[in-house]
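Coordinate analysis (summary)
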Amino acid sequence: MGIFYITTPIYYVNAEPHAGHAYTTIAADVLARYHRLKGDEVFFLTGVDEHGENIQKVANQNEISPQAYCDQIAPTFTTLWERLNISYDIFLRTTSELHKNGVKKFLNTLYETGDIYKGKYEGYYCRPCERFFTEKEQGEDKICPIHKLRLEWVEEDNYFFALSKYQNPLIKHIHENPGFIQPEARCNEILSVLESGLEDVSISRASVSWGIPLPFDTEHISYVWIEALSNYVTALGYTGNDDRFQTFWPANVHLMAKDIVRFHAIIWPAMLMAVNLPLPKHVVAHGWLTKDGEALSKTRGIFIDMDADIATYGLDAFRYYLLREFSFGNDGDYRPNRLHSRYNADLGNDLGNLLNRTLGLVSKNFDGIPEPTTPENLDDEVIQMATETVSKVDSLMNQLAFDMVLEAIWEFVRRVNRYIHQTQVWTLAKSEESKGRMGTILYNSMEALRVIAVLISPFMPSTASRICRQIGLNDSSEEQNLNTIRSWGGLQAGVEIGKPEPIFPRLEMKERQTPGKASSVQPQEVEETHLISIDDFQNLDLRVATIIEAEKVPRADKLLKLKADLGDEKRQVIAGIAEHYTPDELIGKQVILVANLQPAKIRGIESQGMVLAAAGEKDLVLGTLEKPVAPGTKVR
Ligand code: MSP
């Protein structure tokens, strides 16, 4: 059993939380839940950053005191986290005594190291960022790249932290601890900042009154960022009662988006080095969640309507979509139609169907969970894949590759659906003899569902519990963990199963709900949902494309960038085939392209279609044509 301490940023309370905050917090929740499943002792910190000039300004605009303002907004965060089923252990407010006392102790310790000195600061400042910009960052036009506002010239008497002293120790630490900053692109960014030299940072603000006074000079208020970063230790009770601190520090993962990685990967580690505390093990930055390619902004009306989508698809589908759709380190554009497709395809068709078919057949043909008999090869394949999937998930989870974790689980879900199909299990009720075989297949399918339920539980906790109850694990998923799914046979034959009920009833696009309204949609007949209509098929625009260029995508082992000729146009396509084809052997090949697929960015490169291939467990073979035809010819 290990220790796992995970943190989100503490969010500013100058506005209510939005989907961007939800994205980080859900990802952190998934990790916390996964480590609990592993049996680790977990501490999950989230909270709010309540001090500083911006908060003071919003409170003034609202004509209330900053404290009263914070008291109003902070609960909007906890309410949202409850709605999103976030299993945090502490919600830290920076106006709490716990934090204020911790900050005083931390700053005093820092002061005693001799790394703090008093000086005058003159420089260009961005008020919404609450930070000075170094000469290198200012650029010629002196505009803040985040807020697009002109930087202000500010002169102040400030206290400084001798950050520059830590330039080389930080570079050394990064080199000696691969994976300290993730993903690699962010690590390289930080290294290049460090290599171009560090300036000392001011740690106080003379002109701000809403904050924590420096303990060694109470005329000055601590700079909000310095105070905020120390929340990661103050939340553990850095003062006085230190048990928690001893147990959980250093943090395993500080999670955030790429906007604030410099604070976490440079200033915070340097502060920790100064006071002689161990550094966090991993600083992980994910990409931006955008809407129509643009940064979320309430004032500009660019927002994600979480309420509507959760009301329509349910919380678990929303959580699933966020972590399945985007590669975690990259930006991701939120698209309700993609959520819709994933809901119907991955959740309804693949998972929901597996559960429905299995339980439908069990309840129709057996009294409770059937007894398995001697396994055949096909059964062993499924059982072996379950074990492999558990290991694969563990290794991908350690890499925080959530999308790939879910893909690995779904490969297994699809494999079990295929197992049901291959064995034609529904035809085996005919005779007593074949019914034994039927029982084995259904038992294995139920066991597979048990494994799947546990593996998805960090992402979709309520769905996991519902599956567990339906497969006869009376209580919930709670008594299951990563250990219980490492061995096959956890379900007891003869035990009564729960009431089979659809977990993801099919939804049509027009039936998206407004918040508060329950879905009136009924699930489809179990055996029919794998079929599509001719109209569905005709929606696909399949065309012959000749590959005229191919090259590897840098730092992506699986991806090739292809240029495909479609007769009257050329398309750029990113294809996950690099492990099976070299660029050279592709030139001149004719393939089949899904030409009306919505363009998507893969590793930041636009992909305008998809090539078809036969994808086996190990092999991948492109679908080509029997003889050459004109590029652009329709495939029907
Ligand atoms: N208060 C500071 C953090 C101090 S931590 C010691 C702060 N607050 S913030 O409210 O601006 O939160 C920034 C964080 O919110 C991002 O790093 C990210 O975790 C999350 N996100 C806010 N908008 C986001 C997106 N559009 N997309 C993804 N994450 C987003 O900075």
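Residues numbered from 1 in each chain as written. Predicted model: local features only at pLDDT ≥ 70, side-chain atom pairs only at ≥ 80, totals over all residues. Heavy atoms only, no water.

A word on the overall build of the protein chain
- Summing up its helical and strand segments, the protein chain has 20 helices and 26 strands in all.
- Its C-alpha radius of gyration of 28 Å places the protein chain within 12% of the 26 Å reference for a compact globule of 636 residues.
- Residues counted as buried form 54% of the 636 residues belonging to the protein chain.
- Within the protein chain, the 87 negative side-chain charges are centred at a point lying 3 Å from the centre of the 66 positive side-chain charges. (Helix = DSSP H or I, 4+ residues; strand = E, 2+ residues; numbered from the N terminus. Rg over C-alpha atoms; globule rule 2.2 N^0.38 Å. Buried < 20%, exposed > 50% of the residue type's maximum accessible area, 1.4 Å probe, protein only. Lys, Arg positive; Asp, Glu negative; His and termini not counted. Charge placed at Lys NZ, Arg CZ, Asp CG, Glu CD.)

Considerations on the packing of aromatic side chains
- Per the counting criterion, the structure on display carries 33 aromatic pairs.
- Ring geometry for Tyr-343 versus Phe-504: centroids 5.8 Å apart, planes at 90°, classification edge-to-face. Of this pair, Tyr-343 sits in helix α14 (residues 336-365) while Phe-504 sits in the loop between α18 (461-470) and α19 (534-538), and the two are 161 residues apart along the sequence. Accessibility assignment for this pair places Tyr-343 and Phe-504 in one class, buried. (Phe/Tyr/Trp six-rings, centres within 6.5 Å; stacked < 30°, edge-to-face > 60°.)

With respect to the pairing of strand β1 (residues 3-12)
- Taking burial as the measure, the 10 residues of β1 include eight buried ones, the bulk of the element.
- Direction of pairing for β1 relative to strand β2 (residues 41-49): parallel, over a ladder of eight bridges. By the bridge assignment for β2, Ile-10 is matched with Gly-47.
- The parallel pair β1 and β2, bridged by helix α1 (residues 19-38), forms a crossover whose chirality is right-handed.
- Of the strand pairs in this sheet, β1 and strand β12 (residues 253-257) are connected by two bridges, and their pairing is parallel. Counterpart to Ile-6 in the pairing with β12 is Val-253. (Pairing = 2+ DSSP bridges. Right-handed = clockwise from strand over helix to strand, strands pointing away.)

Examining helix α3 (residues 66-83)
- Compared with an ideal rise of 1.5 Å per residue, which puts 18 residues at 26 Å, α3 spans 26 Å between its outermost C-alpha atoms and is within 8% of the ideal.
- Taken as a whole, α3 has its buried residues at Pro-66, Tyr-69, Cys-70, Ile-73, Ala-74, Phe-77, Thr-78, Leu-80 and Trp-81.
- Elements in contact with the buried residues of α3: β1, α1, β2, α2 (53-61), β3 (90-93) and α12 (306-313).
- After α3 finishes, the residue Asn-85 shows a positive phi value of roughly 60°. (Expected span 1.5 Å × (residues − 1). Contact = heavy atoms within 4.5 Å.)

Details of the site of the ligand
- Taken together, 24 residues lie near the ligand, and Ile-10, Thr-24, Asp-49, Asp-259 and Leu-289 sit nearest.
- Separating an oxygen atom of the ligand from a side-chain N or O atom of His-21 is a distance of 3.5 Å.
- Within the backbone of Leu-289, one N or O atom sits 2.9 Å away from a nitrogen atom of the ligand.
- The fraction of the free accessible surface of the ligand (670 Å²) that becomes covered by protein chains is 93%.
- Going through the elements one at a time, β1, α1, α8 (224-229), α9 (231-234) and β12 are the ones with two or more residues in the shell around the ligand.
- A total of four residues in the shell around the ligand trace back to one element, the largest contributor, which is β1. (Near = heavy atom within 4 Å. Polar contact = N/O pair within 3.5 Å; in protein donor to acceptor, adjacent residues only side chain to side chain. Areas by Shrake-Rupley, 256 points an atom, 1.4 Å probe, with all protein chains shown as cover.)

Let's talk about the pattern of salt bridges
- This model, assessed by the stated rule, comprises 35 salt bridges.
- In this structure, the salt-bridge partner of Glu-189 is Arg-186, at a minimum N-O distance of 2.9 Å. Note that Glu-189 and Arg-186 are positioned in helix α7 (residues 184-195) at a spacing of three residues, about one turn of the helix.
- Take Glu-189: its relative accessible area is 23%, and that puts it in the partly exposed class.
- Of the charged contacts, one joins Arg-437 and Glu-376 as a salt bridge, the two residues approaching to 3.4 Å between their closest N and O atoms. (Salt bridge = Lys/Arg side-chain N within 4 Å of Asp/Glu carboxyl O.)

A closer look at the nonpolar core
- Of all hydrophobic cores here, the largest spans 110 residues; its most connected members are Leu-84, Leu-323, Leu-351, Phe-402, Ile-409 and Trp-410.
- Top contributing element to this core by residue count: helix α17 (residues 432-456), with 13 residues.
- Ile-171, Ile-174, Val-193 and Val-201 belong to the second-largest nonpolar core, a separate cluster that totals 61 residues. (Core = buried A, V, L, I, M, F, W, Y, C linked by side-chain atoms within 4.5 Å.)

Some points on the domain arrangement of the protein chain
- Here the protein chain is described as being made up of domain 1 (334-479) and domain 2 (540-622).
- Just the C-alpha atoms count here: the centres of domain 1 and domain 2 sit 31 Å apart.
- Contacts between the two partners involve six residues from domain 1, matched on the other side by four residues from domain 2.
- Carbon and sulfur atoms make up 26% of the area that domain 1 and domain 2 hide from each other, which totals about 320 Å². (Domains from an automatic or database assignment. Buried area = accessible area lost by both parts, 1.4 Å probe.)

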